[in-house]
Amino acid sequence: DAKILVVDDDPMNIFVITELLKQYNLNANSASNGSSAVVAVKKSLEEAKMYKLILLDYSLGDTNGTEVAQTIASLLSYTVQSSRIFAAALLTMT
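Let me sum up the structure you'll find in this document. Everything numeric here is computed off the predicted structure, so don't read it as measured data.

**Topic: a nonpolar patch on the surface**
Next, step 1: A surface patch of nonpolar side chains, amounting to about 310 Å² of accessible area, comprises Met12, Phe15 and Val16.
Next, step 2: Among the secondary structure elements, Val16 is positioned in helix α1 (residues 11-22).

**Examining the nonpolar core**
Next, step 1: Leu5, Val7, Val41, Ile54, Leu56, Val68 and Ile72 are the most contacted members of the largest nonpolar core, which totals 16 residues.
Next, step 2: Counting residues per element, the ones that place at least two in this core are β1 (4-7), α2 (34-46), β3 (53-57) and α3 (65-76).
Next, step 3: Not counting the four nearest positions on each side in its chain, Val7 is found in contact with Ala31, Asn33, Ala37, Ile54, Leu55, Leu56, Asp57 and Leu60.

**Some words on the side chain of Thr18**
Next, step 1: Counting through the fold element by element, Thr18 comes out in helix α1.
Next, step 2: Polar contacts involving the side chain of Thr18 include one to the main-chain carbonyl oxygen of Phe15, which spans 3.1 Å.
Next, step 3: Excluding residues within four positions of it along the chain, Thr18 makes contact with Val6 and Ala28.

**Looking at the packing of aromatic side chains**
Next, step 1: Applying the stated criterion to the full structure yields zero aromatic pairs.
Next, step 2: Taking NZ or CZ as reference, Lys3 lies 4.7 Å from the ring centre of Tyr51, over its face.

**Observations regarding the packing of α2 against α3**
Next, step 1: Look at α2 against α3: their axes get within 10 Å of each other, and the N-to-C directions meet at 15°. In terms of orientation, α2 and α3 fall into the roughly parallel class. Viewed along their axes, α2 and α3 form a crossing whose handedness is right-handed. Of α3, the residues touching α2 (which contributes Gly34, Ala37, Val38, Val41, Lys42 and Leu45) are Val68, Thr71, Ile72, Leu75 and Leu76.
Next, step 2: Tallied by class, residues from the contact of α2 with α3 come to eight nonpolar, two polar and one charged.

Calculation criteria
- Residues numbered from 1 in each chain as written.
- Predicted model: local features only at pLDDT ≥ 70, side-chain atom pairs only at ≥ 80, totals over all residues.
- Heavy atoms only, no water.
- Patch = residues over 30% accessible without salt bridge, like charges linked within 9 Å, V, L, I, M, F, W, Y side chains within 5 Å.
- Areas by Shrake-Rupley, 256 points an atom, 1.4 Å probe, with all protein chains shown as cover.
- Salt bridge = Lys/Arg side-chain N within 4 Å of Asp/Glu carboxyl O.
- Helix = DSSP H or I, 4+ residues; strand = E, 2+ residues; numbered from the N terminus.
- Core = buried A, V, L, I, M, F, W, Y, C linked by side-chain atoms within 4.5 Å.
- Buried < 20%, exposed > 50% of the residue type's maximum accessible area, 1.4 Å probe, protein only.
- Contact = heavy atoms within 4.5 Å.
- Polar contact = N/O pair within 3.5 Å; in protein donor to acceptor, adjacent residues only side chain to side chain.
- Phe/Tyr/Trp six-rings, centres within 6.5 Å; stacked < 30°, edge-to-face > 60°.
- Lys NZ or Arg CZ within 6 Å of the ring centre and 35° of its normal.
- Axes fitted to C-alpha atoms, helices over the stretch in contact; angles between N-to-C directions.
- Parallel < 35°, antiparallel > 145°, perpendicular 65-115°, else oblique.
- Left-handed = near helix turned anticlockwise from the far one by under 90°.
- Nonpolar A, V, L, I, M, F, W, Y, C, P; charged D, E, K, R; others polar.

Below is the structure:
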């Protein structure tokens, strides 16, 4: 069972990505900003249920994806296993 974390400040992007993952029988947790993403990763480490993949938006409301990725990478540097972090700028058409 793959654990996936979707991080984006746009609820529509989170919805689209999680629904797409469901089509492949993959379940995902979500975080709407960088701070809650770091909290989610810390919790997953405490529970020994690390995320296998983190889909991270580059442009977040409280910070940017690079800073979040660096923080998460530093948390994961103390573990035997590691998560894959994929950061991208998702564009929303309005």
